[in-house]
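# Structural overview for review
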Amino acid sequence: MVEHFAVRGGARLTGSVDVVGAKNSVLKLMAAALLAEGRTTLENCPEILDVPLMADVLRSLGCTVAIEGPTVHIDVPADPGAEADYRSVSRLRASVCVLGPLVARCRRAVVPLPGGDAIGSRPLDMHQNGLRKLGATTDIEHGSVTASAQDLHGAQIWLDFPSVGATENILMAAVLAAGTTVIDNAAREPEIVDLCVMLSQMGAKLEGVGSSTLVVHGVTGLQPTTHRVIGDRIVGATWAFAAAMTRGEVRVRGVDPHHIDLVLDKLRSAGAEITVGDQEFGVAMPERPQAVDFVTLPYPGFATDLQPMAIALSAVADGTSMITENVFEARFRFVDEMVRLGADARTDGHHAVVRGRPELSSAPVWASDIRAGAGLVLAGLCARGTTEVWDVAHIDRGYPRFVENLRDLGADISRVAGEPHR
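Residues numbered from 1 in each chain as written. Predicted model: local features only at pLDDT ≥ 70, side-chain atom pairs only at ≥ 80, totals over all residues. Heavy atoms only, no water.

## Comments concerning the overall build of the chain
- When its secondary structure is counted, the chain shows 14 helices and 25 strands.
- For a compact globule of 422 residues, the expected C-alpha radius of gyration is about 22 Å, and the chain comes in at 21 Å, within 12% of that figure.
- C-alpha atoms of the chain, sized along the principal axes, occupy 65 × 40 × 40 Å.
- For the chain, buried positions account for 57% of its 422 residues. (Helix = DSSP H or I, 4+ residues; strand = E, 2+ residues; numbered from the N terminus. Rg over C-alpha atoms; globule rule 2.2 N^0.38 Å. Buried < 20%, exposed > 50% of the residue type's maximum accessible area, 1.4 Å probe, protein only.)

And the structure:
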């Protein structure tokens, strides 16, 4: 049965909410387990659909995966398979991150071109070019990216763009390559740092972690480990926007506030009162938010994953905001659904101009990806009447206990089964 969220606007969110492990980290950590024979255990994993989907990818490679709530045990065989199953990979964009570990461990990989969110093109050119520099031969054949290598060797690699996925795949291949690899213009996201921490625990030799230049000294083998996944900064920031939009007061626990420094600074500029502590922060918005501008950029810039939340905030802010999207060109399709809710928004290329209104109006809307879905729910909290948000399976992929957490904060939201009336 198709489900949607029914969101009744007007509630002021108050209270506290706990954030668990990062979706954008746990899937890559699960892939990194392939680098060592034996059992790797991940703790603080989010209970979202993508985790069992990645477990299926690993099972197709010969691993045994047990999911026990927030703990995932991955038993990797001495000789894992090198060909990922199409049915598993096609449902999950992040599954391409098994490419680097398989090339490193098996010297061969066949990974079907993955599916995932419809937010624009994400070509694998930089992944392939990096692996070629390390000594692999790669190509796209019969709908799969293939790679093979007799031996991997260190190399000097420059990324044209600080791609998170390319950085991760090249890094995981380089840890078992002979010699030293330097990755320049590497992505710097906290999830990259989390991966580096786990790889170091497994025995990898890394320098420059957290900077744009990663130095990898190859080793002959790694050992399995136990690792705790970092808190999800995107989920934490989503709750921060929700508090600001509803003129609420919310304490967010379980995420490093320094991972979203820019987000909190933007909310301060919008009029929010921000307090920070150890792995927690608070957002209180006493008045209607003021309009601020947003520009998405690679970390430490404003995350593209939070662009829908920025537009939702701008739609109810006092004044006019400009939002510039520099990462994924299709993210602005979300704006069409915001207009259905009464937002005064226009797009032109990489820019959206939003003139805030005191209140939005309810309507049926459709989520095109995880973050767009969350942004529509936040907008629904500020709309007159009951908003129906459809295609909520997207939201479930990124936000554990989303409805329950919102209810605990005072929102009037429910999950409803039934067919949409288009």
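## Some remarks on the nonpolar core
- Membership of the largest hydrophobic core comes to 75 residues, with the highest contact counts inside it found for Met30, Ile74, Val98, Leu171, Val175 and Leu199.
- Those residues in contact with Met30 that lie beyond four places of it in its chain are Leu42, Val51, Met54, Ala55, Leu58, Val72 and Ile74.
- Core analysis: the next-biggest nonpolar cluster, separate from the first, contains 73 residues, Ala243, Val263, Ile311 and Ala352 among them. (Core = buried A, V, L, I, M, F, W, Y, C linked by side-chain atoms within 4.5 Å. Contact = heavy atoms within 4.5 Å.)

## Structural notes on the pairing of strand E1 (residues 3–8)
- Pairing analysis gives six bridges linking E1 to strand E25 (residues 412–417), with the strands arranged antiparallel. The partner of Arg8 across the bridge, within E25, is Asp412.
- Summarising the sheet, E1 and strand E24 (residues 386–390) pair through five bridges and their orientation is antiparallel. Of the residues in E24, the one forming a bridge with Val7 is Thr387. (Pairing = 2+ DSSP bridges.)

## Examining helix H12 (residues 370–380)
- Of all 11 residues that make up H12, 11 are buried, and the element is covered over most of its length.
- For H12, the N-terminal cap is Asp369; the gap from its side-chain oxygen to the backbone nitrogen of Arg371 is 2.9 Å. (Polar contact = N/O pair within 3.5 Å; in protein donor to acceptor, adjacent residues only side chain to side chain.)

## What about helix H9 (residues 261–269)?
- Residues of H9 that are buried: Val263, Leu264 and Leu267. For H9, the arc enclosing every buried residue in end-on projection is 95°, short of the 170-degree limit, so these residues lie on one face.
- Buried positions along H9 lie against helix H8 (233–245), strand E15 (273–277), strand E16 (280–284) and helix H10 (307–315).
- The first or second residue beyond H9 is Gly271, which carries a positive phi of 110°. (Arc of directions from axis to C-beta.)

## Some points on the pattern of salt bridges
- According to the stated counting rule, one finds 18 salt bridges in the structure shown.
- Among the salt bridges present, the one from Arg39 reaches Asp75, with a minimum N-O distance of 3.0 Å. Taken together, the residues Arg39 in strand E3 (residues 38–43) and Asp75 in strand E5 (residues 71–76) connect sequence positions 36 residues apart.
- Overall, Arg39 belongs to the partly exposed group, its relative accessible area being 45%.
- Among the residues examined, Asp75 registers a relative accessible area of 26% and is labelled partly exposed.
- When salt bridges with common partners are traced through the structure, they connect Glu3, Asp396 and Arg415 into a single cluster. (Salt bridge = Lys/Arg side-chain N within 4 Å of Asp/Glu carboxyl O.)

## Some remarks on the packing of aromatic side chains
- Counting across every chain of the model gives six aromatic pairs.
- Chaining the aromatic ring pairs together yields one cluster made of Phe5, Trp239, Tyr399 and Phe402.
- Above the ring of Phe294, the side-chain terminus of Lys266 is found at 5.6 Å from the ring centroid. (Phe/Tyr/Trp six-rings, centres within 6.5 Å; stacked < 30°, edge-to-face > 60°. Lys NZ or Arg CZ within 6 Å of the ring centre and 35° of its normal.)

## Details of the side chain of Glu337
- Relative to the helices and strands, Glu337 resides in helix H11 (residues 333–340).
- Since its relative accessible area comes to 16%, Glu337 is described here as buried.
- Filtering out sequence-adjacent residues up to four positions away, Glu337 remains in contact with Val365, Trp366 and Leu376.

## Some thoughts on the sheet that holds E16
- Strands sit in the order E2-E14-E16-E15 across an open sheet of four strands; the sheet is mixed. Each edge of the open sheet is held by one strand with a lone partner, namely strand E2 (14–18) and E15. Shown here is a sheet whose adjacent strand axes are inclined to one another by a mean of 15°, direction ignored.
- Sheet topology note: the E15/E16 ladder contains five bridges and is antiparallel. Bridge pairing links Glu273 to Ala284 in E16.
- Running at roughly 20° to E16, H8 makes contact with E2, strand E14 (249–253) and E16 of the sheet. (Axes fitted to C-alpha atoms, helices over the stretch in contact; angles between N-to-C directions.)

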